Amino acid sequence: MNTGSDEAADAAAGAETEASKAEEKPLGSRAPEFVQARRALHLSWQVGVFVVGLAVVVAGIIMLPLPGPGWLVIFGGMAIWATEFVWAQLVLRWTKRKVTEAAQRALDPKVRRRNIILTTIGLVIIVVLGGIYVWKFGLEMPWNIKQ
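So, a few notes on the structure that sits alongside this text. (Residues numbered from 1 in each chain as written. Predicted model: local features only at pLDDT ≥ 70, side-chain atom pairs only at ≥ 80, totals over all residues. Heavy atoms only, no water.)

## Some points on the pattern of salt bridges
As a working rule, side chains carrying opposite charge can pair if their charged atoms are close by. Just so we agree on the cut-off: One speaks of a salt bridge when a side-chain nitrogen belonging to Lys or Arg is within 4 Å of a carboxyl oxygen belonging to Asp or Glu. The helix count covers DSSP runs of H or I at least four residues long, the strand count covers runs of E at least two residues long, and both are numbered beginning at the N terminus.
Considering all chains together, one arrives at one salt bridge under this definition. Here glutamate 101 ties to lysine 98 by a salt bridge, and the two come within 3.7 Å at their closest N and O atoms. Of this pair, glutamate 101 and lysine 98 are both found in helix 5 (residues 86–106), three residues apart, which corresponds to roughly one turn of the helix.

This is the structure:
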């Protein structure tokens with residue numbers, strides 16, 4: 001989808017992506033050396049990391065419909081998994097890359113102008129609908145209106 005960004009900004013984002021790849025930590029377990037040296041201990045470590053990460057992710061999923069920082073907790077659980085599992089490290093790298101790209105697109109002046117215009121139109125519609133409601137029913141709550 002074209003968001004109206006120019007090619008120079010895309011090239012700069014590509015250069016930042018290449019630079020960030022060079023800075024990324026290598027994939028693999030971040031368990032202490034003495035844990036990695038013993039197979040049974042390392043397997044127990046991995047099970048423990050998986051269970052703790054799973055508990056955090058499940059708590060985040062529960063928080064999605066309830067009050068709480070659901071997505072933040074889910075990404076925290078993914079970060080816990082990423083300390084031990086390559087697949088979680090790859091998912092977090094992909095997510096970080098996509099969030100960075102979205103932030104760059106959001107800073108594009110054309111996109112910002114479009115978002116401001118759409119927000120203004122939405123607010124005008126809400127104010128007009130609210131005005132129609134007050135004109136027709138007054139400041140009475142909807143559940144107290146007698147037809």
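## Some points on the packing of helix 3 (residues 39–63) against helix 4 (residues 70–82)
Here is the rule we go by: Each axis is a line fitted through C-alpha atoms, and for a helix only the stretch in contact is used; angles between axes span 0 to 180 degrees, taken between their N-to-C directions. Here the word oblique covers every angle except those under 35 degrees (roughly parallel), over 145 (roughly antiparallel) and from 65 to 115 (roughly perpendicular). Here, two residues are considered to be in contact whenever any of their heavy atoms come within 4.5 Å of each other. In this classification, Asp, Glu, Lys and Arg are treated as charged, Ala, Val, Leu, Ile, Met, Phe, Trp, Tyr, Cys and Pro as nonpolar, and every other residue, Gly included, as polar.
It is at 7 Å that the axes of helix 3 and helix 4 come closest, and there the two elements cross at 170 degrees. The orientation of helix 3 with respect to helix 4, classified from their angle, is roughly antiparallel. Of the residues in helix 4, those in contact with Val49, Phe50, Val52, Gly53, Leu54, Val56, Val57, Ala59, Gly60, Ile61 and Met63 of helix 3 are Gly70, Val73, Ile74, Gly76, Gly77, Met78, Ile80 and Trp81. Each residue belonging to the contact of helix 3 with helix 4 can be placed in one class, and the counts come to 14 nonpolar, five polar and no charged.

## Some points on the packing of helix 4 against helix 5
Where we set the bar: Note on convention: near helix rotated counterclockwise from far helix by under a right angle means a left-handed crossing. Clockwise means right-handed.
Where helix 4 contacts helix 5, the two axes come as close as 7 Å, and the packing angle between them is 135 degrees. In this view, helix 4 runs oblique relative to helix 5, as classed from their interaxial angle. Handedness of the helix 4/helix 5 crossing: left-handed. Here Phe75, Met78, Ala79, Trp81 and Ala82 of helix 4 come into contact with helix 5, specifically with Trp87, Ala88, Gln89, Val91, Leu92 and Thr95. Within the contact of helix 4 with helix 5, the residues separate by chemical class into nine nonpolar, two polar and no charged.

## Structural notes on the nonpolar core
Across soluble globular proteins, nonpolar side chains show a tendency to be buried alongside one another. The condition is simple: Here, nonpolar core means buried Ala, Val, Leu, Ile, Met, Phe, Trp, Tyr and Cys residues that are tied together by side-chain atoms lying within 4.5 Å of each other. Buried means the residue's accessible area, taken with a 1.4 Å probe over protein chains only, is under 20% of the maximum for its type, while exposed means over 50%, and partly exposed covers the values in between.
Membership of the largest hydrophobic core is limited to seven residues, which are Val49, Val57, Met78, Trp81, Ala82, Phe85 and Ala88. Among the secondary structure elements, those contributing two or more residues to this core are helix 3 and helix 4. Of the residues forming this core, the biggest block, three residues, is contributed by helix 4.

## Some points on helix 5
Threshold: Expected span of a helix: the number of residues minus one, times 1.5 Å. For this quantity, the arc is that covered by the directions from the helix axis to the C-beta atoms.
An ideal rise of 1.5 Å per residue puts 30 Å on 21 residues; helix 5 measures up with 30 Å between its terminal C-alpha atoms. Turning to helix 5, its buried residues number three or more, namely Ala88, Gln89 and Thr95. Seen along its axis, helix 5 keeps its buried residues to an arc of 125 degrees; they face one direction. Taken together, the buried residues of helix 5 touch helix 4.

## Quick look at a nonpolar patch on the surface
Defined as follows: Patch membership needs two things, relative accessible area over 30% and no salt bridge, and members are linked within 9 Å if like-charged or within 5 Å if nonpolar (Val, Leu, Ile, Met, Phe, Trp, Tyr). Residue exposure ignores everything except the shown protein chains as possible cover, and the areas themselves are Shrake-Rupley values with a 1.4 Å probe.
Together, Leu43, Val47, Phe50, Val51, Leu54, Val58, Ile62, Leu66, Trp87 and Val91 give the surface a local cluster of nonpolar side chains, amounting to about 860 Å² of exposed area. Looking at the nonpolar patch element by element, the count peaks at seven residues for helix 3. The residue phenylalanine 50 is located in helix 3 in this model.

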